[in-house]
Amino acid sequence: MAIIFLLVIFQLARFVCSAPLAPAFYIFGDSLSDNGNNNFLQTEAKADYSPYGEIFPSGATGRFSNGRNVADFIAEFLNLSYPPPSLSVNASSSITGVNYASGACGILPKTGIVLGKCLSLEEQLRKFEIREKSKLVKQFRNRNETTNFLSNSIFLFSTGSNDYLGHYLDTAHFNTSKQFSPQQYAELLVYKLSLAIKRVYKFGGRKFITSELGPLGCIPAIAKVVPHKGNCIEEINQLIIFFNENLAIAVQKLTTFLPGSKFVHVRSHALSYDAIVNPSTYGLKDTSNTCCDALNNGTSGCIRGKPSCPNPEQFYFFDAFHPTEVSYSLIASRCINDSSICSPTLEEFVKM
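Residues numbered from 1 in each chain as written. Predicted model: local features only at pLDDT ≥ 70, side-chain atom pairs only at ≥ 80, totals over all residues. Heavy atoms only, no water.

Visitor: Lay out the overall build of the protein in plain terms, naming residues and giving numbers.
Guide: The number of helices and strands found in the protein is 13 helices and 6 strands. Its C-alpha atoms give the protein a radius of gyration of 19 Å, near enough to 20 Å, the size a compact globule of 352 residues would have. Dimensions of the protein along its principal axes, counting C-alpha atoms only, are 60 × 50 × 40 Å. When the 352 residues of the protein are sorted by exposure, 56% land in the buried category. By sequence separation, contacts in the protein at least 24 residues apart represent 72% of the contacts at least 6 residues apart. Surface exposure of the protein reaches about 15,200 Å², of which carbon and sulfur atoms provide 56%. With 31 positive and 28 negative side-chain charges, the protein shows a separation of 9 Å between the mean positions of the two kinds. (Helix = DSSP H or I, 4+ residues; strand = E, 2+ residues; numbered from the N terminus. Rg over C-alpha atoms; globule rule 2.2 N^0.38 Å. Buried < 20%, exposed > 50% of the residue type's maximum accessible area, 1.4 Å probe, protein only. Contact = heavy atoms within 4.5 Å. Areas by Shrake-Rupley, 256 points an atom, 1.4 Å probe, with all protein chains shown as cover. Lys, Arg positive; Asp, Glu negative; His and termini not counted. Charge placed at Lys NZ, Arg CZ, Asp CG, Glu CD.)

Visitor: Give me the lowdown on the packing of aromatic side chains, citing residues and values where you can.
Guide: Throughout the structure, instances matching the rule amount to 21 aromatic pairs. On the numbers, 5.8 Å between centres and 40 degrees between planes, the contact of Phe56 with Tyr82 is tilted. Of this pair, Phe56 sits in the loop between strand S1 (25–29) and helix H2 (70–77) while Tyr82 sits in the loop between H2 and helix H3 (121–139); the two residues are 26 residues apart in sequence, bridging distant segments of the chain. We classify Phe56 as buried; its relative accessible area is 7%. Aromatic pair Tyr164 and Tyr168: ring centres 6.1 Å apart, planes at 70 degrees, arrangement edge-to-face. Taken as a pair, Tyr164 and Tyr168 lie in helix H5 (residues 161–168) at a separation of 4 residues, close to a single helical turn. Of the two residues, Tyr164 and Tyr168, both sit in the buried class. Positioned above the aromatic ring of Tyr82 is the side chain of Arg63, whose terminal nitrogen or guanidinium carbon lies 5.2 Å from the ring centre. When the ring centre of Tyr49 is taken as reference, the NZ or CZ atom of Arg304 above it lies at 4.1 Å. (Phe/Tyr/Trp six-rings, centres within 6.5 Å; stacked < 30°, edge-to-face > 60°. Lys NZ or Arg CZ within 6 Å of the ring centre and 35° of its normal.)

Visitor: Describe in detail the side chain of His167, supporting the description with residues and values.
Guide: Along the chain, His167 falls in helix H5. In this view, His167 contacts Leu108, Lys110, Thr111, Asn162, Phe174, Thr176 and Tyr185; residues no more than four positions away in its chain are not counted.

Visitor: Which residues make up the pairing of strand S4 (residues 262–266), and what values go with them?
Guide: In terms of residue burial, S4 counts as a mostly covered element, since 4 of its 5 residues are buried. Where strand S3 (residues 207–211) and S4 come together, 5 bridges link them in parallel fashion. If you follow Ser211 over to S4, its bridge partner there is Val266. (Pairing = 2+ DSSP bridges.)

Visitor: Describe helix H4 (residues 143–152), listing the residues and the values that go with them.
Guide: An α-helical segment advances 3.6 residues per turn. Residues three or four places apart therefore align on the same side. Among the residues of H4, those classed as buried are Thr146, Phe149 and Leu150. Down the axis of H4, the smallest arc covering the buried residues is 90 degrees, so these residues share one side. (Arc of directions from axis to C-beta.)

Visitor: Which residues make up the pairing of S1, and what values do they have?
Guide: Judged by how many residues are buried, S1 sits mostly within the fold: 5 of 5 residues are covered. Of the two faces of S1, both are covered, the one formed by Phe25, Ile27 and Gly29 as well as the one formed by Tyr26 and Phe28. With 5 bridges joining them, S1 and strand S2 (residues 154–158) adopt parallel strand pairing. Bridge pairing in S2 places Gly29 opposite Ser158.

Visitor: An account of the packing of H2 against helix H12 (residues 325–337) is needed here, citing residue identities and associated values.
Guide: In contact at an axis separation of 8 Å, H2 and H12 are set at 45 degrees when each is read in the N-to-C sense. Taken together, the axis directions place H2 and H12 in an arrangement best described as oblique. Considering how the two elements wind past one another, H2 and H12 form a crossing that is right-handed. Between H2 and H12, the residues in contact are Val70, Phe73 and Phe77 and Glu325, Tyr328, Ser329, Ile331, Ala332 and Ile336, respectively. When its residues are assigned to classes, the contact of H2 with H12 shows 7 nonpolar, 1 polar and 1 charged. (Axes fitted to C-alpha atoms, helices over the stretch in contact; angles between N-to-C directions. Parallel < 35°, antiparallel > 145°, perpendicular 65-115°, else oblique. Left-handed = near helix turned anticlockwise from the far one by under 90°. Nonpolar A, V, L, I, M, F, W, Y, C, P; charged D, E, K, R; others polar.)

Visitor: Can you tell me about the packing of helix H7 (residues 182–203) against helix H9 (residues 234–257), naming the residues and giving the values?
Guide: It is at 9 Å that the axes of H7 and H9 come closest, and there the two elements cross at 35 degrees. You can see that H7 and H9 cross each other, and the crossing is right-handed. Only Leu239, Phe242, Phe243, Asn246, Leu247, Ala250 and Leu254 of H9 make contact with H7, whose side of the interface consists of Pro182, Gln183, Ala186, Glu187, Leu189, Val190, Leu193, Ser194, Ile197 and Lys198. Taken together, the residues of the contact of H7 with H9 sort by class into 12 nonpolar, 3 polar and 2 charged.

Visitor: Lay out a nonpolar patch on the surface with the relevant residues and their values.
Guide: Taken together, the side chains of Ile113, Val114 and Leu115 make up a nonpolar region of the molecular surface, amounting to roughly 230 Å² of accessible area. Mapped onto the secondary structure, Leu115 falls in the loop between H2 and H3. (Patch = residues over 30% accessible without salt bridge, like charges linked within 9 Å, V, L, I, M, F, W, Y side chains within 5 Å. Salt bridge = Lys/Arg side-chain N within 4 Å of Asp/Glu carboxyl O.)

Visitor: So what's going on with the state of the cysteines? Residues and values would help.
Guide: Using the criterion set out here, one finds 5 disulfides in the structure. Each sulfur of the disulfide joining Cys105 and Cys118 lies 2.0 Å from the other. For the disulfide bridge between Cys105 and Cys118, the dihedral angle about the S-S bond is near 80 degrees, and by the sign convention the bridge is right-handed. Of this pair, Cys105 sits in the loop between H2 and H3 while Cys118 sits in the loop between H2 and H3, placing them 13 residues apart in sequence. In this structure, Cys105 and Cys118 share a single accessibility class: buried. Between Cys292 and Cys302 runs a disulfide, and the two sulfur atoms are separated by 2.1 Å. Disulfide Cys292 to Cys302: torsion about the S-S bond roughly -100 degrees, handedness left-handed. In this pair, Cys292 sits in the loop between strand S5 (286–290) and helix H11 (295–298) while Cys302 sits in the loop between H11 and strand S6 (315–317), placing the two residues 10 residues apart along the sequence. (Disulfide = S-S within 2.5 Å.)

And the structure:
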């Protein structure tokens, strides 16, 4: 009931205060944030069909969930429209942000190629730079206006999971795990991600949200395939912990060495893990199975056209890789006002 109440609060917040808390919101990431870019690409990683979007007002938009994701909740908190998928808008559109996230892709260029075409982090950045250079020249009268717009806009970076799921752990297609130890691979990914953030900083961005990776050893796509004891495969979770530890250090360094930069670092791993292993604490009942009827005995994406479970608010996972809206709302709501998850909180961040 508590989580359902949070969802109602989020809905009301959109109408109670109409003044935007930031001029724009830009999103770089993977399927946890993708809201339709993959609809335009030749890839197996798509969510443009039911039961995806069952409780989203527009239905199946390309979001890999039954409803909203964390980026959507952040946009609502900022009193901004949901940033549209980059592949759905032209370069001259004057809008308050763009979503460049692409399902299956990640930080490294080759991540996701097994499933088809997706937008790597490099491609997302390149599209951002090309589009914004064109738009800002038309939208603002002088350099000061442009600088003010970019420096107060918010940039979300939430990516890296696929660099493990569809790269490091995919030994059938890549030998990366033989080339890099888990620690070395985490350092490589965080280094590349740091370069991406510096690139947006150089372009004019100053306010960034970075996010930990969730406990991949707990997702049905892995936990239902590999024999193990307990809820999760802790050896895989440890790989992710290496990444998260390196990212936390990198954010501290970036804050120090990028003058005027401000960061919110979302420490969501422990929260997600606790919700999975102690579901009743969060009003959940099933954190092992998928809410939708998923392919390959519940270890993949949703089966097209088949209705999902009648009680999605009790499930952590919607398909074998992605959370339900309720699970996303848990992370977003805690980040807004809980300093143990986000420090500064989003409420504090927008005032900085």
